[in-house]
Every structure is written in structure tokens, then in C-alpha cells.
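# Structure at a glance
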Amino acid sequence: MSLSSLLLAGRGTDMTSYFSLLYLGAFLPLCLLIYSIFPRRGKKYFLLAASYTFFWLISGKLVVYLALSTLSIHYFGIWLDRIQKERDIAVKAAEKENRKELKRTYQKQQRLVLLFAAILHIGVLLTLKYSPFFTTNINTLLAHLHIPIHLAVPRFLMPIGISFFTLQAVSYIFDVYRGTIRADSNLFRLALFMGFFPQIVEGPICRYGETAEALWNVKTIQFTNLKLGLQRILYGLMKKIVVADRLNPFIQEVFSNYAKYEGGILAIAAVFYTIQLYMDFSGTMDAVIGTAEIFGVKLPENFRQPFFSRSISEFWKRWHITLGAWFKDYIFYPVTMSKPMKTMTSAARKKIGNHFGPLLAGAVALFCVWICNGLWHGSAWSYIFFGMYHFVLILSGNILDPAAKWIHKKLHIQPERPLYRFFQMVRTTLLVIIGELFFRAEGLRAGLSMFQKILTDFRFTTLNGDLLSKLRMDQFDLFIVGITLLLVLTVSILKEQGIRIREGLSKKNTAFRWAVLYAWILFIVIFGAYGPGYIPVDPIYANF
Amino acid sequence: MERLLAILEDIQPGVNYAECETLIDGHYLDSLSIISLVAELEEEFDITIPAVEIVPENFNSAKALWNMIQRLQEEG
């Protein structure tokens, strides 16, 4: 699609990827150039205009969803603020013994507003994203029960990024309700927080208290920020086009025609997909966080070396961190801290002890978190299965914890020894790969069939040069992927040890720095998987 | 403070609660212990601990916990 038609019609998918030529080669440089020459006071307004232009370019008229979502959440915030101000005045004027009751009355009013706002925003998301799934399943159920009713399956056009900006909107109104932030009276500041263009497609899911002020106070681009930001974008670009895109033909072919392949090849495809997903999503986050860094804004990290996790529970604290934190703060704790759950915890703890007592409330809350997590990724049974798979793994980890400690003691296993830690990391990675197999499979039935084949037909007999070339891969591809993964692993180990690589590099002499930079760019240009024969993987998380 | 230390000792024994300042960051209290702790504190001190108070700053030491309890008691 040409730039002129894009500008006229909007809704061009060419720019959904932050690594597309149109975005990296035209939109971002142009945006940085205009931003630099814009007067200092107007920079934030330019950033807001650029964000809406970007969203218009990728979503067309669906940009109205973002605008309405922002307007509505702004209004709800003001409404809550008004109640809170009234409450403060009334409480101050009241006798001490009446204050508790007064606070409760205002709390009830606030809760109603919060509920109304959350239902409205999540309701829109549910309708657009899930109503076809739910009506299809209701129709299937009705047919099974021989009830002659058939509901029309609705189809809606859904704006890209709606799952991300809806969660930001809900977190904003929740935080105003809780009093951790004050409602923003400035609609433009809130709009920039909701729609900042580098993060609108795939997150990270930011909190108002973390980024809104920094975005509103953007200043002149500093050379250090520009340099560090571009380096981070380059690192993400390498992950995406050297690894994720290079593995794409193999993954597409095997997952689409899984019945043709034996278990060993399906297992390789599952491993490749896990690598691809990590390289694509974390690479995109590098580009997003790097771009924000250029503007001097620090966005929250979404990944922290997830494959060094020793348990599934730890994995989810290191993978898509902002989504996990959102679920923890707005689902897990509100559920476990609700009155019925607290009463249940107190009673259960006295009867079944310290470990299993709180587990009941924890299990209910975990179930809510993981059903939402599965559904958030998409409206299909395979995603629900993916959520339930992780729910079962985390819950069993908690239930079996005392038994594991007992076994360690009996067998004299020291869990902190490097070899045992390594064993735990490998075990966690294997469990993650199985989960991702179901996540990527084309439907739950396909996932189950693939998994069964891996268990019962684990062979590599057909894996040879002919098959690889059919899958549009050769030894060279594998070599390049291997080298790049080794590089990413080295960087991950250094980061895990707290070594800041980009800052370290900037302290080296100029010749060394430029040599590294040129070698790196050349590596990406030469070994990037683009051009005929390669179909770049669509930004995976943009569809969620 | 003595009552608080006794509750902590009952929920997760073997930690020097009087001095430890990394109860959350040092993984001495996990999310299940926190669920128990909140339920017990509410019952013992007649307070309501909203989810928003569950942040490491309030749970990292017995002293921080005690400050939170007193604050919530005062706020009523």
C-alpha cells in the first residue's frame, strides 16, 4: 500500500510491525525530525498528534474506539474525583464517631462508578472480541440439545491494540478509585498515556502513575538517549529478522500440515515456535522501549530473562511482566482479599494449617487469573486450555511444595546448587514449550493430536536435507539462528548478572564502539531473513 | 507489636521478624503467606486491609507492617 493511499484511507497493516520498512524507514525518522524542530512546549502535543496519526494509519476509522475509550475513562475519573472531594469535606466536618459510616457511604458510590466504568470498557472488549466465539459455542450446545434455535454469529471489526489500551484504561480508573493516583483533569495528558504510538500495538501495559507524567514532560532529544534507544531498537530488529522471521517458514508449514509429520519434527516445531515467540515479542519490546528511550521516557520492562526461571510461577514473573502484574493487582489480590475469601482463609488455616489454608482462596483467585489470561490471548478453546494448563502447573507447584521440600531433605538435595538449578530451568523450559505448542496449534484438537504424536511417534527418520529444503530451511539457516541465539544468551547471562551492556559499551573508545556497531548492522543486513522466499511473521501479540 | 510478631511466627516460623527488612524481597513471605497474614491481621486488629495496601513497602518488615496497622486503625 502506498503512503498516499495510506494517508487517505488509513488501516494499512504495513505499519503494524515496528520493524516494517514503512515504520522504521519513514514514520519514525519523520516523527523524530519534526519532534526535534517543534518548539519545546508543543512537543507533547506533537507526540499526541503523531500517536493518533499512527493509530489512524494502522486502524483507519477504528481510531474512534481509542478516542471514545479515552474520553469515557477521563469522564469516569473526574466523576470519582468529585465523589472523593465531597467525601473529604464531609468527613472533615463530621463527628469522629460518624466518620466510618460516612466513608462507607461514599465508598459505595465510588464502587458503583468503578463498576460502571469497568463493565463498559470490558464489555466493549468482550463484545468485539468474544461474542462470535460465545455465540458459536451456544449454537453448538443448542444443536446438541436438539433445540431448534440458531443465533446469528456477529462479526465486528476490532481495532489493533484494543486488548492493551482497555487494560490501561481499567487500571487507570481502578487506581483513581483506590486513591493511588488523582484523576487527571487534562484530557490530552490522559490521551497521550492511552495512545502513545510505540506502545499502542503490543504494550507494555503501563500504569498511569508510571508513565503519564514522563510522557507529558518530554523534552529535547538528548544524544545519549538517541544512541541508547537506537541500539535497543537494533537489538530488537536482530531478534526479529534474523531469528523469528527465519524460523517462520518451518513453523508455518509444520503447524499447518501437522498430520504429515512425525513426532520428532513436531517437537522441533514447538521448540522453534517458543524461540520465535520470544524473539518476536521481546524484540518488539526492545523496539518499543528503545523508541520511548529516545524521547527520554522509561517504559516498564516486559521481559527479564524468562528462560532462567526455575518454576512456572517464576516464569510468569519474567515473561510478559506487565500483563502478569496487571492480573495480580486487579484480579488476584482483589479476589483473595474479598470478604468471603478472607473469612474462608481464616477458617481454613485453623483447620488445615498454614500451607493449605490460604491455598483455597489462592486457587480460586488463580483460576480467575488464568481463565482471563487464556481468554485475553484470544477467543478460542486452545487459549482457554493454555490458561488452564498454566493454572494447573502453578497450583500443583504450590500444593506439592511441602512434598518437594521433604524429598530434598530425604535425598540430601541442595536446591541452590548450580546443577539442580540448571535442572529446574530445563524442566520449566520444557513445560513452557508444551504450553506454547497448544498456544500456536491451529485449534485445540490439532494441539492434542500434535502432543499425542510427540509422545507416541517420537522419530526423526524423515528429517534430512530434502525435508529441510521443503521446509525452506538449510544448515546455513540453522547456523545463523544458532549464532544469534548464542549472542542473545550471552547478553541474557550478562543482564542476569546485573551488567549493563550498552552503558559498558559507551565507555569504550570510539573506534571500538563504531567497529561493534558496523559489525552488528552488517550482521543484520546480511543475515536478516527478508526478500523473496521469506514471509515475515506478523507481530504475534498485535492480534491479542 | 508483640501480637504482630506472634502472628508472623505462627504463619511462617523460623525468620527473625524483629530484624528482617526483606520479608518480601527476600522471599520469606510468599503470596499464600500474605493471604493468611492479611486475614489474621484484620481479625486481630479490627482493620480492613484493602488490596491497594499489598505492596512490598508495607510488608517488607515487621516495623512497616506495624506502621500500616496503626495507620489503618487511625483512619478507621
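Remember, it's a predicted structure, so these values are computed and weren't measured experimentally.

Calculation notes
Residues numbered from 1 in each chain as written. Chains lettered and ligands numbered in written order. Predicted model: local features only at pLDDT ≥ 70, side-chain atom pairs only at ≥ 80, totals over all residues. Heavy atoms only, no water. Helix = DSSP H or I, 4+ residues; strand = E, 2+ residues; numbered from the N terminus. Rg over C-alpha atoms; globule rule 2.2 N^0.38 Å. Salt bridge = Lys/Arg side-chain N within 4 Å of Asp/Glu carboxyl O. Buried < 20%, exposed > 50% of the residue type's maximum accessible area, 1.4 Å probe, protein only. pLDDT = per-residue confidence, 0-100. Contact = heavy atoms within 4.5 Å. Buried area = accessible area lost by both parts, 1.4 Å probe. Polar contact = N/O pair within 3.5 Å; in protein donor to acceptor, adjacent residues only side chain to side chain. Domains from an automatic or database assignment. Phe/Tyr/Trp six-rings, centres within 6.5 Å; stacked < 30°, edge-to-face > 60°. Lys NZ or Arg CZ within 6 Å of the ring centre and 35° of its normal. Expected span 1.5 Å × (residues − 1). Arc of directions from axis to C-beta. Bend = angle between axes of the 7 residues up to and from the residue. Patch = residues over 30% accessible without salt bridge, like charges linked within 9 Å, V, L, I, M, F, W, Y side chains within 5 Å. Areas by Shrake-Rupley, 256 points an atom, 1.4 Å probe, with all protein chains shown as cover. Axes fitted to C-alpha atoms, helices over the stretch in contact; angles between N-to-C directions. Parallel < 35°, antiparallel > 145°, perpendicular 65-115°, else oblique. Left-handed = near helix turned anticlockwise from the far one by under 90°. Nonpolar A, V, L, I, M, F, W, Y, C, P; charged D, E, K, R; others polar.

Each helix and strand counted, chain B has four helices and zero strands in total. In sequence order, the secondary structure elements of chain B are arranged as α-α-α-α. A compact globule built from 76 residues would reach a C-alpha radius of gyration of about 11 Å, and chain B, at 11 Å, matches this within 12%. Each of the three principal axes of chain B carries a C-alpha extent, and together these read 30 × 25 × 20 Å.

A few words now on the pattern of salt bridges. All names here are of chain A. Tallied over the entire structure, the rule returns 28 salt bridges over all chains. Among the ionic pairs, Glu213 bridges to Arg189, the shortest N-O distance being 3.6 Å. Highlighted residues: Glu213 in helix H8 (residues 208-216) and Arg189 in helix H7 (residues 187-195), separated in sequence by 24 residues. Glu213 sits in the partly exposed class, given a relative accessible area of 41%. Taking the shortest distance from any N to any O, the salt bridge between Arg318 and Glu314 comes out at 3.0 Å. One end of the pair is Arg318 and the other is Glu314, both in helix H11 (residues 312-318) and four residues apart, which spans about a single turn. A relative accessible area of 5% means that Arg318 is categorised as buried. Within this structure, Arg232, Lys239, Asp286 and Glu301 form a network of salt bridges that share partners.

On to the confidence of the model for chain A, then. Across chain A, the average pLDDT comes to 88, with 95% of residues at 70 or higher. Taken element by element, chain A is modelled with least confidence in helix H1 (residues 3-9) of chain A, mean pLDDT 49, and with most confidence in H7(A), mean pLDDT 96.

Across the contact, 18 residues belong to chain B and 21 residues belong to chain A. Interface area, chain B with chain A, both sides summed: about 1800 Å², of which 58% is carbon and sulfur. When the buried surface of chain B facing chain A is broken down by residue, B:Leu32, B:Ile35 and B:Val52 rank first, second and third, together holding 33% of it. One can count three salt bridges joining chain B with chain A. On the surface where chain B and chain A come into contact, there are five residue pairs in polar contact (both at pLDDT 80 or more).

Attention shifts here to the domain arrangement of chain A. Residue and element names in this part refer to chain A. For chain A, the domain assignment lists domain 1 (60-216), domain 2 (225-303 + 443-544) and domain 3 (306-440). Computed from C-alpha coordinates alone, the two centres of domain 1 and domain 3 are separated by 27 Å. Contacts between the two partners involve 15 residues from domain 1, matched on the other side by 15 residues from domain 3. At the boundary of domain 1 with domain 3, total buried surface from both sides reaches about 1400 Å², with 63% on carbon and sulfur atoms.

Residue and element names in this part refer to chain A. Inspection of every chain in the model, using the stated rule, returns 53 aromatic pairs over all chains. Taking the centre distance of 4.4 Å and the plane angle of 40° together, the rings of Phe385 and Phe438 count as tilted. With Phe385 in helix H14 (residues 381-399) and Phe438 in helix H16 (residues 418-440), this residue pair connects regions lying 53 residues apart in the sequence. By relative accessible area, Phe385 is classed as partly exposed at 28%. Each residue in the set Tyr278, Phe281, Phe303, Phe307, Phe315, Trp316, Trp319, Trp370, Tyr383, Phe386 and Phe439 is aromatic and connected to the rest through ring pairs, giving one cluster. Sitting over the ring of Tyr278, Lys239 keeps its end group 5.6 Å from the ring centre.

A word on helix H17 (residues 444-456) of chain A. Residue and element names in this part refer to chain A. Taking 1.5 Å as the rise per residue, H17 with 13 residues should run 18 Å; its terminal C-alpha atoms sit 18 Å apart, in good agreement. Three or more residues of H17 are buried, namely Ala446, Gly447, Met450 and Ile454. Taken down its axis, H17 places every buried residue within 100° of arc, on the same side. For H17, the exposed residues set more than 90 degrees away from the buried face come down to Arg445, Gln452, Leu455 and Thr456. Each element contacted by the buried residues of H17 is listed here: helix H9 (223-256), helix H10 (263-294) and H16.

Time to look at the environment of A:Ala50. Residues and elements named next belong to chain A. Position of Ala50 among the secondary structure elements: in helix H3 (residues 43-59). Counting along the chain gives 145 residues from Ala50 to Gly195, while the straight-line C-alpha distance between them is 9.7 Å. With sequence-adjacent residues up to four places away left out, Ala50 is seen in contact with Phe27, Cys31 and Phe197.

For the α-helix, the turn length of 3.6 residues means that residues three or four positions removed from each other point alike. Residues and elements named next belong to chain A. Helix length check: H9, at 34 residues, gives a terminal C-alpha distance of 46 Å against a target of 50 Å (1.5 Å per residue), a fit within 8%. Helix geometry: H9 is bent most strongly at Asn248, by close to 40°, with proline Pro249 lying one to four residues after it. Most of H9 sits out of view: 26 of its 34 residues are buried.

Residues and elements named next belong to chain A. With respect to the helices and strands, Ser17 occurs in the loop between H1 and helix H2 (21-37). Under the relative-accessibility criterion, Ser17 is labelled buried at 14%. For Ser17, the side chain forms a polar contact with the main-chain nitrogen of Phe19, separated by 3.0 Å.

Mapped onto the elements of the fold, B:Asn60 is located in the loop between helix H3 (56-59) and helix H4 (62-75). Excluding residues within four positions of it along the chain, B:Asn60 makes contact with B:Cys20, B:Glu21, B:Thr22, B:Leu23, B:Ile24 and B:Asp25.

The next subject is a nonpolar patch on the surface. Together, A:Ile122, A:Leu126, A:Phe134, A:Ile138, A:Leu141, A:Leu145, A:Ile147, A:Ile149 and A:Leu151 make up a nonpolar patch on the protein surface, roughly 750 Å² of accessible area in all. Looking at the element boundaries, A:Leu151 is found in the loop between helix H5 (96-144) and helix H6 (162-178).

Detail in the predicted coordinates should be disregarded across regions flagged by low pLDDT. Residue and element names in this part refer to chain B. Counting all residues, the mean pLDDT for chain B is 86, and 99% of those residues have values of 70 or more. Within chain B, no element has a lower average pLDDT than helix H2 (residues 31-45), which sits at 85, and none a higher one than H4, at 90. Of the two predicted TM-score estimates for the complex, the pTM is 0.87 and the ipTM is 0.81.

In this section: the packing of H9(A) against H10(A). All names here are of chain A. Put simply, H9 and H10 touch, their axes get as near as 7 Å, and they point 155° apart. Taken together, the axes of H9 and H10 are roughly antiparallel relative to one another. Between H9 and H10 lies a crossing whose hand is left-handed. Residue composition of the contact of H9 with H10, by class: 24 nonpolar, nine polar and six charged.

All names here are of chain A. Look at the link from Gly203 to Pro204: it is a cis peptide, with omega at 5°. For Pro204, the position within the fold is in the loop between H7 and H8. The phi dihedral of His412 falls on the positive side, at around 55°, and the residue is not glycine. Residue placement: His412 occurs in the loop between helix H15 (401-410) and H16.

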